[in-house]
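Read off the chains here:
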Amino acid sequence: MSQFPEIVELEELLYRIDASMGAADAHGALCGMLCARGTVELSEWVDHVIGEQEQGNELLHDVVHKLSELHQSTLEMMNDATGDFKLLLLDDDDPLPERVEALAAWCQGFIYGLAAGGIQEGSELPEDTAELLKDMIEISRAGHDVDDTGVDESDDNDDEVAYMEIEEYVRMGVLLVYEELQPVQSTQTIH
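To start, this report covers the structure provided alongside it.

1. Topic: unusual backbone geometry
Consideration 1: For aspartate 18, which is not a glycine, the phi torsion comes out positive at approximately 55°.
Consideration 2: Topologically, aspartate 18 is positioned in the loop between α1 (7-16) and α2 (23-37).

Here you go:
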């Protein structure tokens, strides 16, 4: 399987070129486009992620290389019969508010990717897919409650469990949407 890039490294590269998307929403957009169409050319997705860029920039070459790795590994994971698909998100040891923000960005990217892939509001979708997309829109609006002093007032353990459940719901939901919208591709394996 291809290398799945580190989110922090990719985020830094995208920031340095002033890309249109961050790492989490870029991966969400790719997954959304794949769910909508079954396949996405690397160059088309990269154009959505990086926006207008000056050619010949050496840093841009590094960014495109990392995005290419992410594109290939995501294709392999989404077409893997074992369901070994993962979202490009922060690690469990990162602060929960940052992880919530990254998951919200990932979901925003996914919704964007579906639209960029041709799934428009009002499109006739399978019931499970339509329900999941409503949930993803809500998740994309997520924030983490912190009081005026910057101290989280909720129970950290409950929040951790809730976050993990939501992340797993999104992960499995993406596979469901992919299977429902692209039944042929989801049964094939890329070698």
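From this point on, the discussion continues.
2. Examining the side chain of serine 140
Consideration 1: Among the secondary structure elements, serine 140 is positioned in helix α6 (residues 127-140).
Consideration 2: Not counting chain neighbours up to four residues away, the residues in contact with serine 140 comprise Ala104, Cys107 and Gln108.

3. Here's the deal with the environment of valine 170
Consideration 1: Within the secondary structure layout, valine 170 lies in helix α7 (residues 156-181).
Consideration 2: A relative accessible area of 1% means that valine 170 is categorised as buried.
Consideration 3: Considering only alpha carbons, one finds valine 170 and cysteine 107, 63 residues apart in sequence, at a separation of 8.1 Å.
Consideration 4: Among residues more than four places away in sequence, those in contact with valine 170 are Leu87, Leu103, Trp106, Cys107, Met136 and Ile139.

Rules of the game
- Per-chain numbering applies: the sequence of each chain, read as written, is numbered from 1 onward.
- Side-chain atom pairs in this predicted model are given and counted only at pLDDT of 80 or more, local residue features only at pLDDT of at least 70, and totals for whole chains, interfaces and linings cover all residues.
- In computing side-chain properties, one takes all heavy atoms of the structure into account and sets aside hydrogens as well as water.
- Starting at the N terminus, helices and strands are each numbered in turn, a helix being any DSSP run of H or I of at least four residues and a strand any DSSP run of E of at least two.
- Here a residue-residue contact requires only that any non-hydrogen atoms of the pair lie within 4.5 Å.
- We call a residue buried when its accessible area falls under 20% of the maximum for its residue type, exposed when it is over 50%, and partly exposed in between, using a 1.4 Å probe and counting protein chains only.

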